[in-house]
Amino acid sequence: FQLPDALFVLDSHRHSTAIREAKQVGIPVIAVVDTDCNPSNVTYPIPGNDESTRALHLYASLISHA
């Protein structure tokens, strides 16, 4: 099987286990990081609100079109 090129996470606090596992196998992590999260756990942090439905829709839409 092939590992993914990157992991995109909308809520880095909620999905901390997935982030930790991705880092263990060398997968870069792209994540929306709010003020209640630690950005040092993420390879490419995106500062933003991870509780706003409209913001999450925007982030997911932009990543899916990248």
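The paragraphs below set out a description of the structure included in this document. The residue numbers shown here count from 1 along each chain, following its written sequence. Restriction of local features to residues with pLDDT of at least 70 applies here, the model being predicted, together with a cutoff of 80 or more for giving and counting side-chain atom pairs; totals for whole chains, interfaces and linings are based on all residues. Calculated side-chain values reflect all of the structure's heavy atoms, with hydrogen atoms and water omitted.

As a further point, take a nonpolar patch on the surface. Each patch groups residues whose relative accessible area exceeds 30% and which form no salt bridge, using 9 Å between like charges and 5 Å between nonpolar side chains of Val, Leu, Ile, Met, Phe, Trp and Tyr. The Shrake-Rupley method, run with a 1.4 Å probe sphere, supplies the accessible areas, and residue values consider only the shown protein chains as cover. We define a salt bridge as a side-chain nitrogen of Lys or Arg found within 4 Å of a carboxyl oxygen belonging to Asp or Glu. A contiguous nonpolar surface patch, about 400 Å² in accessible area, is contributed by F1, L3 and V25. Comment: elements are numbered from the N terminus, with helices defined as DSSP H or I runs of at least four residues and strands as E runs of at least two. In this structure, V25 sits in the loop between α1 (16–24) and β2 (29–33).

The subject of this paragraph is the nonpolar core. V9, I19, A22, I27, V29, A31, V33, C37 and V42 together form the largest nonpolar core, which totals nine residues. Elements supplying a minimum of two residues to this core: α1 and β2. In this description, contact between two residues means that some pair of their heavy atoms is separated by no more than 4.5 Å. If near-sequence neighbours (up to four positions away) are discounted, C37 is found in contact with S12, H13 and D50. Throughout this description, the term nonpolar core refers to a set of buried Ala, Val, Leu, Ile, Met, Phe, Trp, Tyr and Cys residues connected via side-chain atoms within 4.5 Å. Only protein chains enter the calculation, and the probe is 1.4 Å; a residue is then buried if its accessible area is under 20% of its type maximum, exposed if over 50%, and partly exposed in between.

Turning to its location among the elements, S12 is positioned in the loop between β1 (7–9) and α1. Owing to a relative accessible area of 7%, S12 belongs among the buried residues under this scheme. Not counting residues within four places of it along the chain, the set of residues in contact with S12 comprises I19, A31, V32, V33, C37 and V42.

Glancing now at the side chain of D34. Assignment of secondary structure puts D34 in the loop between β2 and β3 (44–47). For the purpose of counting charges, residues Lys and Arg are taken to be positive, whereas Asp and Glu are taken to be negative. His and the chain ends are not included. Despite its burial, D34 pairs with no opposite charge, the nearest such side chain being R14 at 13 Å. Excluding anything up to four places from it in sequence, D34 contacts G48, N49, D50 and E51.

Shape descriptors only; they carry no functional weight alone.
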